[in-house]
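Overview (structure and organization)
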Amino acid sequence: MVKIMKIEKLIYNDVQIVHVISEEVLITDTQSATDLMMTVAYETGIKNIVMAKELFAEKFFVLSSGLAEEVLQKFVNYRFRLAVYGDYSKYTSKPLKDFIYESNNGLRRLFYVGA
């Protein structure tokens, strides 16, 4: 099944970024994440991606599912940077809150933006 998405090129602080927009969940497993990265790279040549958290399957935010770890490892392996924005206030999981904090404040290639 082909997912419909829109790709907007942006420049923020002299860095090229791709904003991925869709009305559908795009990241459901590692293959869909890889497909998204390759599509963005092919169409834009840019490896900095920003997406709304709604474009990720809900199990991504349940760290025990392993999906976040697998997907984010793909981003690291392919040298992409990812920002996931949105309202995280509904999540009460301490591991998830710690993970978001570490991603925002660490030296990882991946980071989150949000509450």
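In this report, the structure presented in the accompanying data block is examined. (Residues numbered from 1 in each chain as written. Predicted model: local features only at pLDDT ≥ 70, side-chain atom pairs only at ≥ 80, totals over all residues. Heavy atoms only, no water.)

With respect to the element layout, L96 can be found in helix α3 (residues 94-105). Since its relative accessible area comes to 3%, L96 is described here as buried. For L96 and L63, which are 33 residues apart along the polypeptide, the C-alpha to C-alpha distance reads 6.5 Å. (Helix = DSSP H or I, 4+ residues; strand = E, 2+ residues; numbered from the N terminus. Buried < 20%, exposed > 50% of the residue type's maximum accessible area, 1.4 Å probe, protein only.)

Here we come to the environment of M5. For M5, the location among the structural elements is in the segment before β1 (6-12). Sequence separation between M5 and V25 is 20 residues; the distance between their C-alpha atoms is 9.8 Å.

Moving on, we come to the side chain of S22. When you line up the elements, S22 lands in the loop between β2 (15-21) and α1 (30-44). Overall, S22 belongs to the buried group, its relative accessible area being 16%. A distance of 2.6 Å separates the side chain of S22 from the backbone oxygen of I4, its partner in a polar contact. Of note is the side chain of S22, whose polar atom sits 3.0 Å from the backbone nitrogen of E24. Other than its neighbours up to four places away in sequence, S22 contacts I4, M5 and L55. (Polar contact = N/O pair within 3.5 Å; in protein donor to acceptor, adjacent residues only side chain to side chain. Contact = heavy atoms within 4.5 Å.)

Tallied over the full model, the rule gives four salt bridges. In this structure, the salt-bridge partner of E8 is K6, at a minimum N-O distance of 3.5 Å. Given the relative accessible area of 26%, E8 is considered partly exposed. Across the salt bridge formed by K53 and E54, the nearest N and O atoms sit 3.9 Å from each other. (Salt bridge = Lys/Arg side-chain N within 4 Å of Asp/Glu carboxyl O.)

For I49, the position within the fold is in strand β3 (residues 48-52). Overall, I49 belongs to the buried group, its relative accessible area being 3%. Taking the C-alpha atoms as reference points, I49 and L36, separated by 13 residues in sequence, lie 9.9 Å from one another. In this structure, I49 is in contact with V18, V20, L36, M37, V40, F75, F80, R81, L82 and A83, ignoring residues within four places of it in sequence.

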